[in-house]
Amino acid sequence: MTAENTTLPGGSQEERARTRRTLAIAFAAALAVRAGAAWFCGAAQPQEIRYITIARGIASGQGFVGLDNRYPDIIQPPLYPLILSWVFRLPGPELGLARGVSALMGALMVFTGAGMARRLFGERAARRTAWLVAVYPLLSHMSGAAITESTFTLLVTCAVLVLWRSLDAEVPPGKGLPLAASGALLGLSFLTRPEGLTYLGAAALVAVVSGLARQRAVSSRLQAAAIRSLWLAGGFLVVAFPYLAWVRIETGRWLLAPKAVLVQVHHELIQEGQRENWKEPYGSPLFFEHVRFGLNRESTAIRSREIFANVSVGMASGVLGSEEGDPSLFEPTMAIRMVLRNFQGVYLETIKDGFVVPTLLLMLFGVGLISRPWVGPFRTSALVVFSFFAASFSFLLSHVESRFLFPAIPYVLPWIAEGWRRAELWAVASVSGSGAARAALRERAARLVVGAAVLGATIVHLIPQVQVASKRWAEHREMGLWLRETAGAGHLIMAVTPGTAYYAEGRYEVLPFADLPEVVAYARHHGVEYVVADRAEIPSLRPQLTSLLVPARSHPGLDLVVARNERTPRAIILYRVAPPLDPAR
């Protein structure tokens, strides 16, 4: 692979210096774009509240516990909340500090993205990749939020570059520290998101294939492949084992990834829903809301949370006491249906609004993909990148959100950048003419037009997303601040999402997926004081509770406190939970 780099275009000292200058400017631009997105995104979203409050708990000595209890806190790997807990020692608002961490991590991807492009296509593609990372809509928007995507993806792309370097030459036994370093970076990614384990498999595949290809004798090939795999696994375990031991202490059992176990619990509930013929169509958003937040028969606990709390060692199926003949958790046809449904969802999320993949960039990706034959060292390089790209789609076994595609984007950007470069060459050739001075001017103009079109195709899809995000949770912030000022802090508040509770400095309970009488019974059982109904959430996520949006038609166990924007799509209504009537009266 070293020989490949020497044959790439634009490898002179002058070109490398120009690349360094471009990367510095692109990094500053990436920080500015992400800072702007973070500023204009407004109130905290639910996932941000989860990480921020877990970090707050760590910093205050309360442990790994947060406000957003829709899922058990332990399903969140610890690295990102730990980073936030350290950053919270600095002066400033928690939300701003947390978003600043994500923005910095996302901006640093300018360097890892350019590093991959340089190894594939050379210096010019590296510079264009840096600009793509800086302004790409999905990357910029999600990096401006206090969630794990940018930190996780930065760690994985760093691991790719280290792995790549370790494969440049044969690694003799006992000298595999670069491979161990790549494994350690993947271990850190696993401590950020459990999907890091999938990338370890991708790295092992690349290392094994490379080891098998470099040796002639079969025994030498197998030995090289085994040694490379052991170095990778060793580096991964050195970093990950303390976390696995901590999970063992917290849960009393060995679990590779608590989040994966929760996915298994959800799969069991999916099968229960199919057996019981729930009225929500299978595979619909409402079906999965029922899976995640449906109540038990006594209306005292959320079923998925109850099962997860009682999960046993080595859980694979039978958690619900399934009878003989019922489908198992890993029943093949069910798994195939789920993957196909999620693959369709990925396709729709990809083309929707151009937020994930702008149309012009998709065309440039196609140009870059066929720009050169996949032979020789280039084929090996492509194997590295696309192995990690394929590993980015492990979420197909659960469900789909557009942000889940974030880790996959960096692996297509080098090809988009090469397509961009080819488009520039075509544009320059199309306007060439006589006269050196005029030809140079036309060349600059052609490059400027193509570059402006590419960058404009990204920014035009970023701005609407930021505008939507800036309004989405504003009502919860206003309601929470009002409640804190009028009733004080510390109240237990029930809602679909925890925004009101976060800004009211209260405690939070999720609004379950059930009919209103069961919801009121659940609220009284858990000591809930206030219930929040939001028109932006109730019709789509809790349609059986739409009567909450009309105070005159709500439950007699709920007393209206205040209604804001009642006749608008942004209506939010606060109720107080009344105690049950005394049967003796």
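No experiment lies behind these values; they were computed from the predicted model shown.

(A) Seen up close, the overall build of the protein. Broken down by element type, the protein carries 23 helices and five strands. Put simply, the protein has 585 residues, and 52% of those count as buried. Long-range pairs, those at least 24 residues apart, make up 73% of the contacts in the protein with a sequence separation of at least 6. For the protein, the accessible surface area stands at approximately 25,700 Å², while carbon and sulfur atoms represent 62% of it.

(B) Quick peek at the sheet that holds strand 1 (residues 492–495). Judged by pairing direction, the sheet is mixed, and its five strands sit side by side in the order 2-1-3-5-4 without closing on themselves. The sheet is open, and its two edges are formed by strand 2 (507–510) and strand 4 (558–564), each paired on a single side. Along the sheet, successive strands turn relative to each other by an average axial angle of 25°, direction set aside. This element, helix 20 (residues 474–487), spans strand 1, strand 3 (530–534), strand 4 and strand 5 (572–577) of the sheet and lies at about 40° to strand 5. Packed onto the sheet, helix 22 (residues 516–525) meets strand 1, strand 2, strand 4 and strand 5 and runs at close to 160° relative to strand 1.

(C) Structural context of the packing of helix 5 (residues 94–121) against helix 18 (residues 413–430). Put simply, helix 5 and helix 18 touch, their axes get as near as 9 Å, and they point 60° apart. Relative to helix 18, the element helix 5 is oriented oblique. With respect to the hand of their crossing, helix 5 and helix 18 are arranged in right-handed fashion. Residues Met116, Ala117, Leu120 and Phe121 of helix 5 form the contact with helix 18, whose participating residues are Pro414, Trp415 and Glu418. Broken down by class, the residue content of the contact of helix 5 with helix 18 amounts to six nonpolar, no polar and one charged.

(D) View of the nonpolar core. Ranked by size, the top nonpolar core spans 152 residues in total, and within it Leu138 and Phe388 carry the most contacts. The element that contributes the greatest number of residues to this core is helix 5, accounting for 13 residues. If we skip the residues at most four places from it in the chain, Leu138 touches Phe355, Val356, Ser402, Arg403, Leu405, Phe406 and Ile409. If you look at the next biggest cluster of nonpolar residues, it comprises nine residues, including Val265, Ile270, Ile307 and Met338.

(E) Seen up close, the side chain of Ser150. By the secondary structure assignment, Ser150 is in helix 8 (residues 149–166). You can call Ser150 buried: its relative accessible area is 0%.

(F) Seen up close, unusual backbone geometry. Unusually for a residue other than glycine, Ser299 sits at a positive phi of about 60°. Looking at the element boundaries, Ser299 is found in the loop between helix 13 (285–293) and helix 14 (303–309). One non-glycine residue, Glu505, lies in positive phi territory at about 55°. Relative to the assigned elements, Glu505 resides in the loop between helix 21 (499–503) and strand 2. Here Glu505 falls in the partly exposed class, since its relative accessible area comes to 48%.

(G) Representation of the packing of aromatic side chains within the structure. Tallied over the entire structure, the rule returns 25 aromatic pairs. One aromatic cluster in this structure is built from Phe121, Trp374, Phe378, Phe386, Phe389, Phe393, Phe395, Phe404 and Trp415. Sitting above the plane of the Phe378 ring, Arg372 keeps its charged end 5.2 Å from the centroid.

(H) Local environment of a nonpolar patch on the surface. On the surface, Leu205, Val209 and Leu383 cluster together to form a nonpolar patch covering roughly 210 Å² of accessible area. If you trace the backbone, Val209 turns up in helix 10 (residues 196–214). Since its relative accessible area comes to 34%, Val209 is described here as partly exposed.

(I) Representation of helix 3 (residues 46–59). The end-to-end C-alpha distance of helix 3 is 20 Å, a good match for the 20 Å that 14 residues give at a rise of 1.5 Å each. Where burial is concerned, most of helix 3 is hidden: 11 out of the 14 residues are buried. Buried within helix 3 are the following residues: Pro46, Gln47, Glu48, Ile49, Arg50, Tyr51, Ile52, Thr53, Ile54, Ala55 and Gly57. Residues of helix 3 that are buried make contact with helix 4 (79–87), helix 5 and helix 21. Just downstream of helix 3 lies Gly61, where phi reads positive at about 85°.

(J) Spotlight on the pattern of salt bridges. By the definition in use, this model includes 24 salt bridges. For the salt bridge of Arg50 with Asp73, the shortest nitrogen-to-oxygen distance reads 3.3 Å. With Arg50 in helix 3 and Asp73 in the loop between helix 3 and helix 4, the pair connects residues that are 23 residues apart, well separated along the chain. Each of the two residues, Arg50 as well as Asp73, counts as buried. For Arg447, the salt bridge is made with Glu443, and the minimal N-O distance between the two is 3.2 Å. Pair noted here: Arg447 and Glu443 are both in helix 19 (residues 436–472), with a separation of four residues, about one helical turn.

Analysis parameters
Residues numbered from 1 in each chain as written. Predicted model: local features only at pLDDT ≥ 70, side-chain atom pairs only at ≥ 80, totals over all residues. Heavy atoms only, no water. Helix = DSSP H or I, 4+ residues; strand = E, 2+ residues; numbered from the N terminus. Buried < 20%, exposed > 50% of the residue type's maximum accessible area, 1.4 Å probe, protein only. Contact = heavy atoms within 4.5 Å. Areas by Shrake-Rupley, 256 points an atom, 1.4 Å probe, with all protein chains shown as cover. Pairing = 2+ DSSP bridges. Axes fitted to C-alpha atoms, helices over the stretch in contact; angles between N-to-C directions. Parallel < 35°, antiparallel > 145°, perpendicular 65-115°, else oblique. Left-handed = near helix turned anticlockwise from the far one by under 90°. Nonpolar A, V, L, I, M, F, W, Y, C, P; charged D, E, K, R; others polar. Core = buried A, V, L, I, M, F, W, Y, C linked by side-chain atoms within 4.5 Å. Phe/Tyr/Trp six-rings, centres within 6.5 Å; stacked < 30°, edge-to-face > 60°. Lys NZ or Arg CZ within 6 Å of the ring centre and 35° of its normal. Patch = residues over 30% accessible without salt bridge, like charges linked within 9 Å, V, L, I, M, F, W, Y side chains within 5 Å. Salt bridge = Lys/Arg side-chain N within 4 Å of Asp/Glu carboxyl O. Expected span 1.5 Å × (residues − 1).

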